[in-house]
Amino acid sequence: MSVALKHCGSVSEEERWSSSENQAESLEEKHQEVVVSHVPIVSSFNDRIRPLLDAVDKLRHLQVMKEGIQLPNIVVVGDQSSGKSSVLESLAGISLPRGQGICTRVPLIMRLQHHTAPEPELSLEFSGKAVPTSEAEIADAITLATDEIAGSGKGISNTPLTLVVKKKGVPDLTMVDLPGITRVPVHGQPENIYEQIADIIMEYIRPEESIILNVLSATVDFTTCESIRMSQKVDKNGERTLAVVTKADRAPEGLLEKVTADDVNIGLGYVCVRNRIGDESYKEARKVEADLFETHSLLSKIDKSMVGIPVLAQKLVHIQATIIARCLPEIVRKINEKLNASIKDLKRMPKTLSTVGEALTTFMGIVGSAKESLNKIIVRGEYDEYLDDQNMHCAARLAEMLNQYSEELHEFSEDDLTANFMMREIQILEESKGIQLPNFLPRTAFLAILQKKVEKVSHIPVDFAEKVWTYIEGVIMSVLMHRSENYHQLQLSTRREVYNLMEKMKERSRNWVTEIVQMEKLTDYTSDPAYLNDWNGLMAQQQEFMDALENEYTEFQIEGLGEVAIAGLRAYEKPVLLQAFDLKMRMTAYWEIVLRRLVDSMALHLQFCARNLVNKEMEEEIVKELVGRHDGAIEGMLEESSAVAAKREKLNGSIKVLSESKNVLANIMDKIATNV
């Protein structure tokens, strides 16, 4: 018998694992004995596979699957009325619920175990309890348990029910029987019953660790079976699919061709069986089945390694042993990996605080660590803690904002050089006339123009300061919330205090900016030599400009300003034009100084305030407010948030399950090593 199974993970080189696989291979000889003599299904191989199977069953009972650990499964699927229940009854030697519609409404985990006691032991495990039952009552007990899990109607549930059968002569197997596939809902079933069943089936057969036992009726075309379509979705080449063909006695014609042609890719082969009929005992049914495949003119031509319940049992035991032996090393690795990760996560969780002193110490530690992070981000411009979050690359973002601020100042204050060149200066000079010597440039005219220009851009520095502090507030809030993420009450109080502190910073900057703007309005001074250099360069073009006017040019190119329209200026007298040109060039040179001063002083102010905020004010304000006010923020740290408590509980639960699972596997590994 050839069994092709896909590897579940890396196979350990240790002898204990290879030994268990060798034990699985030794079943070949036992199989041949069963085919010939029809002895009871159980063989001495059960004694060797039982420890492995018990280990997997214990892991399943611990629900290690919820930790992302997939276990080897034999999953039984089939279309409704394919004879699935009859096959399972024959393997277990018990009667399962029968009736119209879907009999299996929940995943039924069947744990079969041979034992030598004359009386069988049967029990059901569900909802955290174990209910003993008997062979006579098992069908009714399963129905009652199913009703408790899935309701008394005809709906289905994905919550499993475990049936434990300890009986002399049964094969040591664990199988998961899933609801039969139906497309048309009957009365009392939900309209999407097919989708619900399909979802359950796909969940169980998708993992590579699952062996698919596909139950097909000999009376139908295999290619039309819905169970085949589903299994091919996850096992296209059939490498982990075994087919059981039921009702062979009802449709013997062409059956040999169907199972040998293999049009539906069944990699693990076919086993043809006869369903038990009426009141036949299981022993009688097996004898009739053996005679059928031995004497029937058509069915006797099928190879004896492909017929009969005993052959099916031995194939399943062999496949199960092989897949378990191959998957266990990978399961061990994953359990150790997830256990270590859960322990690390738990250690990273905040320790439970029991006194106000511990809470205060933790609070000061949070503030201190936040201060250090903010120093790196805001003051020193480092961002190694937030490599992938560009918003937290503070130095780069602030530089971008400062450049945008400078560009906005320059763009907003540009003059119209086409139609209104020098017109404002001429008007201001006219209004500044007084009883005074001619050819003197009135300072009042210069200040009047300066005030209008400063007033025009005065909102830009205010808006910029607001924008910067809003950004810094977000950075500070992000760091503090991250550092205090495990203390919800502290987060609420900290958020409030940070908001209040930032409002103070914004108000302080608004006042400072207002003062700077007022100074620029009321005073005209600079010691920067660039002013005189620029003014002299511009004034050097005055005579050429006047010549262009006399020659009736309509436009003139002024270096440093660009092309200007001059046609409308010929209406004014030469002295006025000379004064207006001088005034324009003085303001042009000085305005560059003003804009540069607004940018530079803003940069210095914000850097200085941000440094003070991080190094001094933030810590002082938060500690003073939260500790001094006694509003319960520190005491609230003694109570874990629901999210933290839930995470801690989940991690503890995972560690408990994974630790117990690790112990289960350690024991089985010791047993395997002992038998090497």
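Just so you know, these numbers come straight off a predicted model, no measurement behind them.

Participant: So what's going on with the sheet that holds strand S7 (residues 210-217)? Which residues, and what values?
Facilitator: Reading across from one edge, S4-S3-S5-S2-S6-S1-S7-S8-S9 is the order of the nine strands in this open sheet, with mixed pairing throughout. Where the open sheet ends on each side, the last strands, each with one partner, are strand S4 (129-133) and strand S9 (270-272). Put simply, the sheet's adjacent strands are angled 25 degrees from each other on average, direction ignored. Here strand S8 (residues 241-246) runs beside S9; their pairing, made up of three bridges, is parallel. Bridging from a neighbouring strand, Val-245 pairs with Cys-272 of S9.

Participant: Tell me what's going on with the confidence of the model for the protein, and back it up with residues and numbers.
Facilitator: Counting all residues, the mean pLDDT for the protein is 86, and 89% of those residues have values of 70 or more. Taken element by element, the predicted model of the protein shows its lowest mean pLDDT in helix H2 (residues 27-37) (38) and its highest in helix H17 (residues 529-539) (96). The low-confidence segment residues 9-39, where pLDDT is below 50, has 53 contacts with residues more than four positions distant or belonging to other chains.

Participant: Tell me about the environment of Met-505, and please be specific about residues and values.
Facilitator: Relative to the assigned elements, Met-505 resides in helix H16 (residues 488-522). Each residue touching Met-505, except ones within four places of it in the same chain, is listed here: Trp-469, Cys-609, Leu-613 and Glu-617.

Participant: Quick rundown of helix H14 (residues 443-457)? Include the residues and the values.
Facilitator: Residues lying three or four places apart along an α-helix face the same way, a consequence of the helix completing one turn every 3.6 residues. Its 15 residues place the ends of H14 22 Å apart at the C-alpha level, agreeing with the 21 Å of an ideal helix rising 1.5 Å per residue. Taken together, the buried positions of H14 are Ala-445, Phe-446, Leu-447, Ile-449, Leu-450, Lys-453, Val-454 and Val-457.

Participant: I'd like to hear about the pattern of salt bridges, residue by residue, with values.
Facilitator: If you walk through the whole model with that rule in mind, you get 41 salt bridges. One salt bridge connects Glu-382 with Arg-380, and the closest N-O pair in it is separated by 3.2 Å. Glu-382 sits in the partly exposed class, given a relative accessible area of 32%. Between Lys-506 and Glu-503 there is a salt bridge; the shortest N-O distance is 3.8 Å. Taken as a pair, Lys-506 and Glu-503 lie in helix H16 at a separation of three residues, close to a single helical turn.

Definitions and limits used
- Residues numbered from 1 in each chain as written.
- Predicted model: local features only at pLDDT ≥ 70, side-chain atom pairs only at ≥ 80, totals over all residues.
- Heavy atoms only, no water.
- Pairing = 2+ DSSP bridges.
- Helix = DSSP H or I, 4+ residues; strand = E, 2+ residues; numbered from the N terminus.
- Axes fitted to C-alpha atoms, helices over the stretch in contact; angles between N-to-C directions.
- pLDDT = per-residue confidence, 0-100.
- Contact = heavy atoms within 4.5 Å.
- Expected span 1.5 Å × (residues − 1).
- Buried < 20%, exposed > 50% of the residue type's maximum accessible area, 1.4 Å probe, protein only.
- Salt bridge = Lys/Arg side-chain N within 4 Å of Asp/Glu carboxyl O.

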